[in-house]
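Take a look at the letters that make up each chain.
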Amino acid sequence: MADRSVLIVDDEIYIRATLSFALEKMNLAVDNAASGAEALNKLVEKSYGLMLLDLRMPGIDGMEVLRRVPEIRPEVKVVIITAYGSVEAAVEAMKLGAVDF
């Protein structure tokens, strides 16, 4: 990954903290967003090599964030993380540009 920064987007603080801890141990720069709106604002402000994106969040959900990423930062790779996965959601996410689900 050329840009070694990661944006973790999840409304659950413990998930953000656990992922941040693991990725920082790998010498990656990590930012966090607790909502879809916060994630979109951070994308406007800064480029990331990777986004770990939860699907189920209040307000702007992960699928809507995924739809908007190419308009803001088309170079960002997005991996969907969710406890509520389905085949339909995985297919939609991949069609929208996610690199993994």
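Bear in mind the structure is a predicted one, so any value in this text is a computation, not a measurement.

Now for the sheet that holds strand β4 (residues 77–81). With respect to topology, 4 strands assemble into an open sheet ordered β2-β1-β3-β4, the strand pairing being parallel. Strand pairing shows two members of the sheet lacking a second neighbour, β2 (29–33) and β4, which therefore form its edges. Each neighbouring strand pair of the sheet contributes to a mean axis angle of 20°, computed without reference to strand direction. Strand direction decides the pairing type here: strand β3 (residues 50–54) and β4, joined by 5 bridges, are parallel. Each bridged residue has a counterpart across the sheet, and for methionine 51 the counterpart in β4 is valine 78. Against the sheet, helix α2 (residues 36–45) touches β1 (5–9), β2 and β3, its axis set at about 140° to β2.

Moving on: the environment of isoleucine 81. With respect to the secondary-structure elements, isoleucine 81 resides in strand β4. Spatially, the C-alpha atom of isoleucine 81 lies 8.8 Å from that of aspartate 100, the residues being 19 residues apart in sequence. Setting aside residues no more than four positions away along its own chain, isoleucine 81 makes contact with Asp10, Leu19, Leu52, Leu53, Asp54 and Leu55.

Regarding helix α4 (residues 87–95), the residues found buried are Ala89, Ala90 and Ala93. Taken end-on, α4 shows its buried residues confined to a sector of 100°, consistent with a single buried face. In this structure, α4 carries Val87, Glu88 and Lys95 as exposed residues pointing more than 90 degrees from its buried face. Considering only its buried residues, α4 is in contact with α3 (62–72) and β4. Two residues or fewer after α4 comes glycine 97, characterised by a positive phi angle close to 115°.

Cut-offs and rules
- Per chain, residues are indexed from 1 in the order of the written sequence.
- Reporting in this predicted model follows two pLDDT cut-offs: at least 70 for local features of residues, and 80 or more for side-chain atom pairs to be given and counted; totals over whole chains, interfaces and linings ignore these cut-offs and use all residues.
- With hydrogens and water excluded, all non-hydrogen atoms of the structure serve as input to the side-chain values.
- Two strands form a pair only when DSSP identifies at least two bridges running between them.
- Numbering goes from the N terminus for both helices and strands, where a helix is a DSSP run of H or I of at least four residues and a strand is a run of E of at least two.
- Each axis is a line fitted through C-alpha atoms, and for a helix only the stretch in contact is used; angles between axes span 0 to 180 degrees, taken between their N-to-C directions.
- By the convention used here, residues are in contact when the closest approach between their heavy atoms is within 4.5 Å.
- Think of it in three bands: residues with accessible area under 20% of the maximum for their type are buried, residues over 50% are exposed, and the middle band is partly exposed, with areas taken using a 1.4 Å probe on protein chains only.
- In this context, the arc is that of the directions from the helix axis out to the C-beta atoms.

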